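Below, each chain spelled out in residue letters.
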Amino acid sequence: MPEKMKNPNAYNPSEQRAIYRVIAERRDMRHFRNDPVAPEVLQRLLNAAHHAPSVGLMQPWRFIRITDIALRKQIYDLVQDERLRTAKAIGEQSQREDEFMRLKVEGIMQCGELLVASLCDHREDHIFGRRTIPEMDLASVCCAIQNLWLAARAEGLGMGWVSMFEPVSLGALLGIPAGAKPVAILCIGHVEAFYQAPMLVEEGWATERPISEMVMENRWKP
Ligand SMILES: Cc1cc2nc3c(=O)[nH]c(=O)nc-3n(C[C@H](O)[C@H](O)[C@H](O)COP(=O)(O)O)c2cc1C
C-alpha cells in the first residue's frame, strides 16, 4: 500500500497479526495442569475484563474468585448435577445422552484459578441502551469474559467457560444477592497444549459452520 494511504490509527502489522492470532487460537479448555496462576497474571486478566465495553457504561460484571477448596468441590458437584440433567434432556431430544456423557465439559477441580462471573444486582436502575433489550447487561458481561479469555490465551493460559449449573443454587452457595445472577464459571490455568480446533469438533460432537452462512446483505436470507 502506498505510504500516504496508510491508516495512521492502525496498529503496526506485527501487532495486528498478534490480535488476529489470539482470536483464532483462543480455545475453550477443559484439560488443565494444576500449577498455580501467578497473582500478577490473574490481576492483568481481571483488568482486561474490566476494560470491556458495557451498555450505558453500566459495568455489570462481578467476579468472585474461589480460593476455598471445599467451596470449589461444592461448585463442581452443582455442575455434575446439571450435567446429568443436560444429558437426560439431550437424550430425549436426540438420543445422544451416552455420547454427551463421554465429553469432558469442565476442568473445575484441575484448573489453577476458578472465577464465577455474575451479573450485578439493581440492574433495573440502568435504562440507557436496555429499555427494549434488557439482556444487553448480559451482553456486557460476555464482552468482559471474552476480554479475559483472549488475554489468558495471550498469556499462555487456558480458560474454560462452564454454564452448566443452576443459577439459583450457585447464587445461594456464594451469597449472591437475589437481584444478581451468576452466568459463568470460569476455569483458568496452565495447559499442556491448546486444542487445535474446538474440542467439540475434535471429539466429533459438533461441526463448525462457515462464515458465508452467517453474513447476509440487506435482507434475511432463509
Ligand atoms: C456462553 C458460553 C457457554 C459455554 N458453556 C460451556 C459449558 O458449560 N461446558 C463446556 O464444555 N463448554 C462450554 N462453552 C464452550 C463452547 O463449547 C466452545 O466455545 C465452543 O465449542 C467452541 O470452541 P472454542 O471456544 O474452543 O472455539 C461455552 C461457551 C460459551 C460462549
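See above for the structure.
Residues numbered from 1 in each chain as written. Predicted model: local features only at pLDDT ≥ 70, side-chain atom pairs only at ≥ 80, totals over all residues. Heavy atoms only, no water.

### Focus on the overall build of the protein
1) Next: Across its full length, the protein holds 7 helices and 4 strands.
2) Next: Burial statistics for the protein: of 222 residues in total, 39% are counted as buried.
3) Next: Long-range pairs, those at least 24 residues apart, make up 80% of the contacts in the protein with a sequence separation of at least 6.
4) Next: Accessible area of the protein: about 13900 Å², with a carbon and sulfur share of 54%. (Helix = DSSP H or I, 4+ residues; strand = E, 2+ residues; numbered from the N terminus. Buried < 20%, exposed > 50% of the residue type's maximum accessible area, 1.4 Å probe, protein only. Contact = heavy atoms within 4.5 Å. Areas by Shrake-Rupley, 256 points an atom, 1.4 Å probe, with all protein chains shown as cover.)

### Let's talk about the side chain of Arg83
1) Next: Looking at the secondary structure, you find Arg83 in helix α3 (residues 69–94).
2) Next: One buried charged residue, Arg83, remains without a salt bridge, the closest side chain of opposite sign being Glu106 at 6.2 Å.
3) Next: Side-chain polar atoms of Arg83 contact the backbone oxygen of Met101, separated by 2.7 Å.
4) Next: Excluding residues that lie within four positions of it along the chain, Arg83 makes contacts with Phe100, Met101, Leu103, Val105 and Met164. (Lys, Arg positive; Asp, Glu negative; His and termini not counted. Salt bridge = Lys/Arg side-chain N within 4 Å of Asp/Glu carboxyl O. Polar contact = N/O pair within 3.5 Å; in protein donor to acceptor, adjacent residues only side chain to side chain.)

### Quick word on the nonpolar core
1) Next: Grouped together as the largest cluster of nonpolar side chains are 30 residues, with contacts concentrated most on Ile75, Phe100, Leu114, Leu170, Leu174 and Ile185.
2) Next: For this core, the secondary-structure elements that each account for two or more residues are α3, β2 (113–119), α6 (167–174) and β4 (181–189).
3) Next: Per element, the largest residue contribution to this core is 6 residues, and it comes from α3.
4) Next: Listed in part, the 24 residues of the second largest apolar core include Ala48, Ala49, Trp61 and Ile145. (Core = buried A, V, L, I, M, F, W, Y, C linked by side-chain atoms within 4.5 Å.)

### Some words on the site of the ligand
1) Next: Lining the immediate surroundings of the ligand are Arg26, Arg27, Asp28, Arg30, Val105, Trp161, Val162, Ser163, Met164, Pro198 and Leu200.
2) Next: One nitrogen or oxygen atom from the side chain of Arg30 is found 2.9 Å from an oxygen atom belonging to the ligand.
3) Next: Within the backbone of Val105, an N or O atom sits 3.0 Å from an oxygen atom of the ligand.
4) Next: Coverage of the ligand by the protein chains reaches 72% of its 610 Å² of free accessible surface. (Near = heavy atom within 4 Å.)

### Let's talk about the side chain of Arg72
1) Next: Note that Arg72 resides in helix α3.
2) Next: Comment: no salt bridge for buried Arg72; closest opposite-charge side chain is Glu113, at 6.0 Å.
3) Next: At 2.8 Å, the side chain of Arg72 and the backbone oxygen of Cys111 are in polar contact.

### Brief notes about the pattern of salt bridges
1) Next: Applying the stated criterion to the full structure yields 13 salt bridges.
2) Next: Arg33 is the salt-bridge partner of Asp35, the closest N and O atoms lying 2.7 Å from each other.
3) Next: Residue classification places Arg33 among the partly exposed residues on the basis of a relative accessible area of 30%.
4) Next: Salt bridges sharing partners connect three or more residues here, namely Arg21, Glu25 and Arg153.

### Some details on α3
1) Next: End to end, α3 covers 36 Å across 26 residues, agreeing with the expected 38 Å (1.5 Å per residue, within 8%).
2) Next: Buried residues of α3: Leu71, Arg72, Ile75, Leu78, Val79, Gln80, Glu82, Arg83, Thr86, Ala87, Ile90 and Gly91, and no others.
3) Next: Looking at the buried side of α3, the elements it contacts are β1 (61–66), α4 (97–102), β2, β3 (158–162), α6 and β4.
4) Next: Its side-chain oxygen placed 2.9 Å from the backbone nitrogen of Ala70, Asp68 serves as the N-cap of α3.
5) Next: Just downstream of α3, Gln95 is the residue with a positive phi angle, here 55 degrees. (Expected span 1.5 Å × (residues − 1).)

### Quick look at the sheet that holds β4
1) Next: Read from one edge to the other, the open sheet built from 4 strands follows the order β1-β2-β4-β3, with strand pairing classed as antiparallel. Either end of the sheet is taken by a strand with one partner, and the two such strands are β1 and β3. On average, each strand axis in the sheet is inclined to that of its neighbour by 25 degrees, with strand direction left out of account.
2) Next: By the bridge criterion, 5 bridges tie β3 to β4 in an arrangement that is antiparallel. Note on β4: the bridge partner recorded for Val162 is Ile185.
3) Next: Across the sheet, helix α2 (residues 39–50) touches β1, β2 and β4, and the angle it forms with β1 is around 160 degrees. (Pairing = 2+ DSSP bridges. Axes fitted to C-alpha atoms, helices over the stretch in contact; angles between N-to-C directions.)

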